[in-house]
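# Secondary and tertiary structure notes
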Amino acid sequence: MPELSTDHSSATLEGAHSHGGPRYVSSRADRPTSFDPADIPVPRGREEEWRFTPMKRFAPLFDLDAVRAATAAGEADAGASAVRLEADLPAGARLETVPRSDARIGTVGAPVDRTGVTAWNGSETATVLTLEAGSQPERAARLTVVGQDQGLTRPTAQHILVAAESGARGTVVLDHTGTAALTQGVEVTVADGAELTLVTVQGWEDDAVHASNHRVRVTGRGVLKHVVVSLGGDVRICPDLGFSGEGGHIDAYGVYFTDAGQHQEHRPYVAHTEPHCYSRVTYKGALQGEGAHAVWVGDCLIGQAARGTDTYELNRNLVLTEGAKADSVPNLEIENGNIEGAGHASATGRFDDLQLFYLRARGIPEAEARRLVVLGFFNEIVAEIGVGEVEERLMAAIEKELELTGLIEARKDQAPDIAPAAQ
């Protein structure tokens with residue numbers, strides 16, 4: 001039977017700290033964060049932040065010396081790069097490569113774990129994508145990270161800043177394909193009066209390893225829709241979402257499909273430290289195959305100054321076959337009782353035979369009924385993405401995964417190739 005996690009402990013033992021030795025922290029807000037790798041040493045796997053993660057698989061992303069060497073070689077010689085970056089930009093979007101010392105870089109917050117601090121110190125440059133003030137691009141700006149490290153011998157760092165200036169309204173898609181061992185920092189700034197949709201797609205090949213720290217700041221009445229789609233590779237995505245000023249709005253959505261032997265871990269954290277801000281976190285995932293492991297740890301802090309907060313977080317996992325496991329841990333910390341509302345929920349369950357029976361009793365063939373149940377499970381979130389090409393690719397990928405396990409049959413009207421659109 002699938003596992004439903006009920007671990008909501010309020011105190012956790014963190015690993016080595018900058019002052020030497022372990023320490024207890026009362027909440028995720030108290031994690032050590034730093035730009036200095038000495039403050040966040042290599043984890044041992046027993047720390048709360050790492051207890052679900054396959055350490056051997058992610059270990060190359062802890063090695064700062066190896067990451068620095070591989071990244072420097074790629075920056076000096078494109079032929080030695082483990083990843084390359086492709087861009088497709090509409091009018092109103094601007095792309096730059098800047099030194100890490102650029103005043104815009106590193107302003108949102110410090111890295112939150114070892115892979116994050118390795119990403120920060122592993123590269124001397126950063127990519128900046130800006131939606132210019134007042135612009136409303138007619139189509140999405142797209143950055144594609146293409147992995148070209150078949151042997152996973154060159155663990156690489158990358159830093160990206162996505163900035164929506166005042167009055168800008170647009171969509172940015174950050175796509176990942178190919179094979180690489182990549183540790184990544186993604187900073188996101190949304191100015192007062194801006195509206196940004198950021199979609200990150202982990203469409204890696206199966207052997208890829210990817211860790212990413214998303215550090216987000218929404219200023220004033222800025223609006224952010226943050227979407228994480230994980231389909232391939234072993235991934236660990238840690239979005240830290242925060243506000244600066246009163247009246248910000250964040251919708252955070254996640255969709256993942258975890259295959260046999262695959263590890264997909266998502267750790268969204270929303271820090272309500274300002275008055276009258278709104279957030280919704282909704283992640284849904286399906287798992288299939290022996291050794292498939294999905295982890296969702298959702299945390300929300302309502303600070304003492306965050307009066308009028310309205311927040312809710314939700315995680316749902318659908319286990320399609322035996323041998324798959326989901327860990328779902330929601331946490332809510334409230335320091336201010338003067339709020340509009342706050343709550344959380346999580347559930348993990350198997351395929352709903354009652355729904356299947358209901359559809360079959362009405363003359364729908366079993367294969368089509370199974371398809372409708374699974375796609376219906378995801379549809380709530382997919383419909384909220386708001387980027388047609390991403391929605392179509394995601395639903396096609398889900399159907400393809402279901403076909404591979406024999407849970408549904410291939411549809412005659414479905415295109416056989418679901419590779420990412422050409423850039």
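Right above here is the structure, for reference.
Residues numbered from 1 in each chain as written. Predicted model: local features only at pLDDT ≥ 70, side-chain atom pairs only at ≥ 80, totals over all residues. Heavy atoms only, no water.

Take the overall build of the protein next. The number of helices and strands found in the protein is six helices and 21 strands. When the 423 residues of the protein are sorted by exposure, 57% land in the buried category. Long-range contacts, defined as pairs at least 24 residues apart, comprise 83% of the intrachain contacts of the protein with a sequence gap of at least 6. When the accessible surface of the protein is totalled, it reaches about 16,800 Å², and 49% of it is carbon and sulfur. (Helix = DSSP H or I, 4+ residues; strand = E, 2+ residues; numbered from the N terminus. Buried < 20%, exposed > 50% of the residue type's maximum accessible area, 1.4 Å probe, protein only. Contact = heavy atoms within 4.5 Å. Areas by Shrake-Rupley, 256 points an atom, 1.4 Å probe, with all protein chains shown as cover.)

Turning to unusual backbone geometry, a few remarks are in order. The phi dihedral of leucine 152 is positive, around 50°, even though this residue is not glycine. Accessibility expressed as a relative area gives 24% for leucine 152, which makes it partly exposed.

It is worth spelling out the sheet that holds strand S3 (residues 83-88) at this point. A sheet is described by the order of its strands in space; here nine strands give the open sequence S3-S6-S8-S10-S12-S14-S17-S19-S21, paired in mixed fashion. Across the chains shown, the open sheet's two edge strands, defined by having one partner strand only, are S3 and strand S21 (341-350). Adjacent strand axes in the sheet meet at a mean angle of 10°, parallel and antiparallel pairs treated alike. Set on the sheet, helix H5 (residues 366-385) makes contact with strand S10 (195-203), strand S12 (223-232), strand S14 (249-258), strand S17 (278-287) and strand S19 (310-319); between it and S17 the angle comes to about 145°. (Pairing = 2+ DSSP bridges. Axes fitted to C-alpha atoms, helices over the stretch in contact; angles between N-to-C directions.)

Attention shifts here to H5. Over its 20 residues, H5 runs 29 Å from end to end, which matches the ideal 28 Å to within 8%, given 1.5 Å per residue. Its axis deflected by about 50° at asparagine 379, H5 carries its strongest bend there. Among the residues of H5, Ala369, Arg370, Arg371, Val373, Val374, Leu375, Phe377, Phe378, Ile381, Val382 and Ile385 are the ones counted as buried. Just beyond H5, the residue with positive phi is glycine 386, at close to 80°. (Expected span 1.5 Å × (residues − 1). Bend = angle between axes of the 7 residues up to and from the residue.)

Right, let's get into the nonpolar core. Considering soluble globular proteins, one finds that nonpolar side chains tend to be buried as a cluster. In this structure, Val172 and Leu196 are the most contacted members of the largest nonpolar core, which totals 48 residues. In contact with leucine 196, other than residues within four places in its own chain, are Leu131, Val162, Ala164, Gly170, Val172, Val188, Val190, Val223, Leu224 and Lys225. The next biggest cluster of nonpolar side chains, apart from the first, holds 32 residues, and it includes Tyr253, Phe351, Leu356 and Ile398. (Core = buried A, V, L, I, M, F, W, Y, C linked by side-chain atoms within 4.5 Å.)

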